[in-house]
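# Observations on the three-dimensional arrangement
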Amino acid sequence: MTPRQQVEGWLAERGWRARPFQKRVWTAWRRGRSGLVHSATGSGKTYALWLAEVMAGLAERDAGKAKGTAKRSAPLRLLWITPMRALAEDTVGALRAPVADLELPWRIESRTGDTSPAVRARQQRRLPTVLVTTPESLCLQLTRSKLDARLADLSAVVVDEWHELLGNKRGVQVELALARLRTLRPDLKVWGLSATLGNLEEAAVALAGPEALSIHGDEKKRITIDALIPPEMERFPWAGHLGLRLLPQVVAAVDEAESALVFTNTRSQAERWYQAILEARPDWAGALALHHGSLDRSVREWVENGLRQGTLRCVVATSTLDLGVDFSPVDRVLQIGSPKGVARLLQRAGRSGHSPGRESRVTCVPTHALELLEIAAVRDAARAQEIEERRPPVLPLDVLAQHLVTLGLGEGFDPDQVLAEARSSRAFAELSDAEWQWTLDFVTRGGSALKAYPEFSKLVERDGRLAIRDGALARRHRLSIGTIVGDSSIEVRFRGGRRLGTVEESFIARLRPGDRFQFAGRTLELHSLRDLTAWVRVAESKVHAVPRWAGGRMPLSTSLSRAVRRRLTEAREGRLAGLEMKALRPLLALQEEISALPAAGELLVEELPDLLSPSGRSRREGHHLFVYPFAGRLVHEGLAALWAYRLSRIAPNTFTWAVNDYGIDLLSPEPPALGEPLTAGLLSPEGLADDLPAALDASELARRQFREIARVAGLVFQGYPGKGKTMRQLQASSGLFFDVFDRHDPENLLLQQAYREVRERQLEASRLRATLERLNAGTVVRVECGRPSPLAFPLLVDRMRETTSGEGLVDRIRRMRLRYERAATRNG
């Protein structure tokens, strides 16, 4: 039998057959091509690439047998890169299955931060045939001596879930590592796997070069997107007000299925929903589990094994389970709250029906009424395949500096050779000679501002090559490799010593001994905080705080924002297709009664002069200006600051603002003079580059962003295991460098990178400019309202969240809503 017949026979034994796109991949692989495979979750992407390599191995084995020279224990021939540790072991299992059945003499292992010392030691002596690893562990391999010999038989690299890496610095880290591997192995094949991505051609080129192929799956995955409709629809919604009120319906949906995944957007939300479901169904104890990235690895592995073995009825999870963790298909996927993006929802939907030909279904659970609008819109965008693009970073010199030190840990490197490698990557294709020389100077002398301090002279020249200066620097650098930078983590342990996981220092620092918080599905009481460890015990009372982790406020994506605007246009035209829009009919009618429904191409501006305070007393808040660009929270934060600055420049005034994904509330003591500004540049993209930094404290934003850059570039060291530095220490260290560069080296390229990343990552300047261009070309609809509209109400609530009061926030919001409901009823 030929290798292909053996592989197809193996597939047939499992009731599968090779799909046309898989056969195209096999042909391209055999011809030595590189590229990107894009297909729906569960459609067979992994085996499209892996079985191509298996066929090559079978051909070599059979030829060796014929000559009597068959090899055992083949050397490293393939690297499989995965973005998450949790995926590594599952990938190893998937790759081993055909190898074992077809009797290939290959050893397949993983290497991540979770790998045991014994396995690491064995791999140090001899690498396996296939190594499944993360970007960080891949870079650690580049620090080894005799790298060329260790990789002598390497023929291919596969990067799994490339869409998860493309839009961030970890993707750049992979690009640079691949550039080095191509130098060592010029015929190296590089392939990527992706399920949900808009800019496929750009993604393929960034990974595999200008000659990269892009191979698509044969058929669109059938996906059903529906929603739980609240039994009563409030006309003045606010974020989170539905929340657990839909718990009975969620429990009923889980009860109908044999197995279910309940996805949340944040770890805090996962903790709340896990506890709520358990309290509603205590008989599910042991069959209900919680999974998120801050839980201890042993807990996460227990959950993953329970899913594989089918012993868990339901898992409440964050994005830790929306990638390719391998487990039996679940019957039901529920999404708590709006997914905020098309790709995210499709990825999660694919966890049900996770096999070729099966239909996937995801049920969305709105946490406030207007999220029904987003659910209807995301279904439209999914059907139209309007998937978000992931924009790759350009010229992140902090990553390049780290990469140079990484290469210096092995046998050193030739600067001219590495410059050519860097320029072969998409991220550094436009790297100038001046930028390259500055980066070399930074890693060899610390740059002009730090040249007097020997510890920043990391690389020295030896025989024309740059190499690490000493062993102590090498040890520190190996511990610092990577680009993932977040809030310092505090371990959570029972007083008996058992580890539960980690919470962010910024949360735990607010607690005192005796305070209670919910974590890992338990209510815990803080006993003490020492040595970067929170020592806890189980609390008797259920009153608690819930940790809030960074990154919990996801903005509405561009694709979904556009789809939402289309749905609003249809609603104004009287077209309310779908159960979600029909349920919103009373709210939308009230919006039109009080104000207007904005159509695509229109900017709705609501003016509320002299609004009563939230308590309803006679105190006046000032003049509210509600503006609805429908462009997402991050863009609105930039627009709010920009418009406040431009309005104040025309007529002196003081503004505060609140934003959400739909609009902006500008509050001022004096009414803003809108007539002239609207026709004299308020919406213009002209002057944005000068006005935006002036409107915001750009220096303070850059200072915060510089902490990440300083860590990645190696300016600050997070500490040795068990002796990490606190967030305050890291902030102080990075802040000191920021001040030194700002005062004495203002042309420092890392400093300039901090300002650039603030513009693009935090303020989304490109999206902000595009939004201004859209608004400037459209029509402004101005309405003077006598009371807040349903669109304005969530903004008022968000403003109230920022104020302190001895009165319960929820009670205040309910009274305010009832007051507006009564007014609407009287006027109706």
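See the structure above.
Residues numbered from 1 in each chain as written. Predicted model: local features only at pLDDT ≥ 70, side-chain atom pairs only at ≥ 80, totals over all residues. Heavy atoms only, no water.

### Overview of the overall build of the protein chain
For clarity, the cut-off: Secondary structure elements follow DSSP: runs of H or I of four or more residues count as helices, runs of E of two or more count as strands, with numbering from the N terminus. Exposure categories follow from relative accessible area, calculated using a 1.4 Å probe and restricted to protein chains: below 20% of the type maximum is buried, above 50% is exposed, and the middle band is partly exposed. Contact definition: two residues touch when any of their heavy atoms are within 4.5 Å. Per-residue accessibility takes into account occlusion by the displayed protein chains alone, with areas from the Shrake-Rupley method and a 1.4 Å probe.
In terms of regular secondary structure, the protein chain is built from 33 helices and 25 strands. Here the protein chain holds 828 residues, and the buried ones make up 58% of them. At a minimum sequence separation of 6, the contacts of the protein chain that also span at least 24 residues come to 74%. Total accessible area on the protein chain stands at roughly 34,300 Å², and carbon and sulfur atoms take up 49% of it.

### Things to note about the pairing of strand 19 (residues 522–530)
Applicable threshold: Following DSSP output, two strands are said to pair if at least two bridges run between them.
Bridge count between strand 18 (residues 516–519) and strand 19: 4 bridges; the pairing is antiparallel. Each bridged residue has a counterpart across the sheet, and for R516 the counterpart in strand 19 is E525. Counted along the chain from strand 18 to the antiparallel partner strand 19, the turn is 2 residues long, and its residue A520 has a positive phi close to 55°. Two strands pair when backbone bridges link them, and strand 19 and strand 20 (residues 533–538) are joined in this way by 6 bridges, in the antiparallel orientation. Its bridge partner being in strand 20, L524 is matched across the sheet by V538.

### Describing the packing of aromatic side chains
This is how the line gets drawn: For Phe, Tyr and Trp, where Trp contributes only its six-membered ring, two rings pair if their centres lie within 6.5 Å, and the inter-plane angle classes them as stacked under 30 degrees, edge-to-face over 60, or tilted in between.
Counting across every chain of the model gives 12 aromatic pairs. Ring centres 6.2 Å apart and planes at 45° place the aromatic pair W16 and Y47 in the tilted group. On the criterion of sequence distance, the pair formed by W16 in the loop between helix 1 (3–13) and helix 2 (20–30) and Y47 in helix 3 (residues 45–67) is long-range, its members being 31 residues apart. Under the relative-accessibility criterion, Y47 is labelled buried at 15%. Summarising the aromatic geometry, the rings of Y628 and F630 are spaced 6.4 Å apart at their centres and angled 35° between planes, so their arrangement reads as tilted. By relative accessible area, Y628 is classed as buried at 1%. Counting every residue linked through ring pairs, the aromatic cluster contains F456, F706, F737, F738, F741 and Y755.

### Digging into the sheet that holds strand 20
Operational definition: Axes here refer to lines fitted to C-alpha atoms; in helices the fit is confined to the stretch in contact. Angles between the N-to-C directions go from 0 to 180 degrees.
Judged by pairing direction, the sheet is mixed, and its 5 strands sit side by side in the order 17-16-20-19-18 without closing on themselves. Two strands close off the open sheet at either side, each with one partner strand: strand 17 (499–504) and strand 18. For this sheet, the mean inter-axis angle between neighbouring strands, taken without regard to orientation, is 40°. Packed on one face of the sheet, helix 12 (residues 267–280) meets strand 17, strand 18 and strand 19 and runs near 90° to strand 18.

### Here's the deal with the side chain of Q6
Worth spelling out the cut-off: In protein, a polar contact means a hydrogen-donor-capable atom and an acceptor-capable atom, both N or O and within 3.5 Å, with residues adjacent in sequence counting only if both atoms are side-chain atoms; elsewhere, any N or O pair within 3.5 Å suffices.
Structurally, Q6 is set in helix 1. At 3.1 Å, the side chain of Q6 and the side chain of R61 are in polar contact. Not counting the four nearest positions on each side in its chain, Q6 is found in contact with M1, L58, R61, D62 and L102.

### Side note on unusual backbone geometry
Positive phi outside glycine occurs at K146, with the angle close to 55°. You can see K146 is positioned in the loop between helix 6 (135–141) and helix 7 (147–150). Using a relative accessible area of 58% as the deciding quantity, one classes K146 as exposed. A positive phi angle, near 55°, is found at A520, a position not held by glycine. Residue position: A520 is located in the loop between strand 18 and strand 19.

### Notes on helix 25 (residues 633–650)
Spelled out, the test is: Multiplying 1.5 Å by the helix residue count minus one yields the expected span of that helix.
Between its first and last C-alpha, helix 25 extends 26 Å over 18 residues, near the 26 Å set by a 1.5 Å rise per residue. Burial within helix 25 is extensive, with 13 of its 18 residues counted as buried.

### Thoughts on the environment of V758
Examined against the element boundaries, V758 turns out to sit in helix 30 (residues 749–762). Put simply, V758 and A698 are 60 residues apart on the chain and 7.9 Å apart in space, counted from C-alpha to C-alpha. When residues no more than four places from it in sequence are discounted, the contact partners of V758 are L701, A702, Q705 and L763.

### Points about the pattern of salt bridges
Using the following cut-off: Criterion for a salt bridge: a side-chain nitrogen of Lys or Arg within 4 Å of a carboxyl oxygen of Asp or Glu.
Within this structure, the stated rule accounts for 44 salt bridges. The partner of E60 in a salt bridge is R77, with the nearest N and O atoms 2.9 Å apart. Taken as a pair, E60 in helix 3 and R77 in the loop between helix 3 and strand 2 (78–81) lie far apart in primary sequence, 17 residues in all. On the basis of relative accessibility, which here comes to 47%, the residue E60 falls in the partly exposed class. Judged by relative accessible area, which is 10%, R77 ranks as buried. Notably, a salt bridge pairs E374 with K340, separated by 3.5 Å at the nearest N-O pair. Note that E374 is positioned in helix 15 (residues 371–383) and K340 in the loop between strand 12 (332–336) and helix 14 (342–349), a separation of 34 residues in sequence. Judged by its relative accessible area of 1%, E374 falls in the buried class. Salt bridges sharing partners connect three or more residues here, namely K169, D398, E708 and E757.

### Things to note about the environment of W438
Mapped onto the secondary structure, W438 falls in helix 18 (residues 433–445). The residues contacting W438, other than those within four sequence positions of it, are N748, L749 and L750.

### Quick notes on the sheet that holds strand 1 (residues 35–38)
Spatially, 7 strands are ordered 3-4-2-5-6-1-7 in an open sheet, and the strand pairing comes out parallel. A single partner strand is all that each edge strand has here, and the edge strands are strand 3 (108–111) and strand 7 (213–216). Averaged over all adjacent pairs, the angle separating strand axes in this sheet is 20°, with direction ignored. As paired strands, strand 5 (residues 156–159) and strand 6 (residues 189–194) are joined by 4 bridges and run parallel to one another. Looking at the pairing, V157 lines up with V190 of strand 6.

### As for the packing of helix 25 against helix 27 (residues 688–695)
Our working definition: For classification purposes, an angle smaller than 35 degrees is called roughly parallel, one larger than 145 roughly antiparallel, one from 65 to 115 roughly perpendicular, and anything else oblique.
One can describe the packing of helix 25 onto helix 27 by two numbers: an axis separation of 9 Å at closest approach and a directional angle of 95°. As the angle between them shows, helix 25 and helix 27 are arranged roughly perpendicular. Residues G638, A641, L642, Y645, R646 and R649 of helix 25 pack against L688, D691, L692, A694 and A695 of helix 27.

### Considering the nonpolar core
Inside soluble globular proteins, nonpolar side chains tend to come together where they are buried. Test applied: For this analysis, a nonpolar core means a set of buried residues of the types Ala, Val, Leu, Ile, Met, Phe, Trp, Tyr and Cys, connected via side-chain atoms within 4.5 Å.
W162, L181, F428, W643, F706 and L715 are the most contacted members of the largest nonpolar core, which totals 109 residues. When residues of this core are assigned to their parent elements, the largest contribution, 8 residues, is made by helix 25. In contact with L715, not counting residues within four places along its chain, are F442, L450, F456, K458, F706, A710, F737, F741 and L750. By size, the runner-up hydrophobic cluster in this structure holds 69 residues, among which are I225, A343, A382 and L576.

### Looking at the packing of helix 2 against helix 3
What counts, and what does not: Two helices crossing with the near one rotated counterclockwise from the far one by less than a right angle form a left-handed crossing, whereas a clockwise rotation gives a right-handed crossing. Side-chain classes are defined by residue name, with Ala, Val, Leu, Ile, Met, Phe, Trp, Tyr, Cys and Pro counting as nonpolar, Asp, Glu, Lys and Arg as charged, and the others, Gly among them, as polar.
Orientation of helix 2 relative to helix 3, taken along the N-to-C sense of each, is 40°, at an axis distance of 9 Å. Looking at the two axes, helix 2 sits oblique to helix 3. Judged by the twist between their axes, the crossing of helix 2 over helix 3 is right-handed. From helix 2, F21, Q22, V25, W26 and W29 reach across to helix 3, where they touch K45, Y47, A48, L49, L51, A52, E53 and M55. Here the contact of helix 2 with helix 3 is built from residues that sort into 10 nonpolar, 1 polar and 2 charged.

### Comments concerning the side chain of S338
With respect to the element layout, S338 can be found in the loop between strand 12 and helix 14. In this structure S338 comes out as buried when scored by relative accessible area, which is 1%. A distance of 2.4 Å separates polar atoms of two side chains, one belonging to S338 and the other to E374. The contacts of S338, once residues within four sequence positions are left out, are N265, E371, E374 and L560.

### Points about helix 17 (residues 415–424)
Where we set the bar: Along the arc lie the directions from the helix axis toward the C-beta atoms.
Among all positions in helix 17, only P415, V418, L419, E421 and A422 are buried. For helix 17, the buried positions fall inside an angular range of 160° around the axis, keeping them on one side. Exposed residues on helix 17 whose side chains face more than 90 degrees from its buried face are D416 and S424. Check the buried side of helix 17 and you find it contacts helix 9 (169–184), helix 16 (397–408), helix 18 and strand 15 (465–468).

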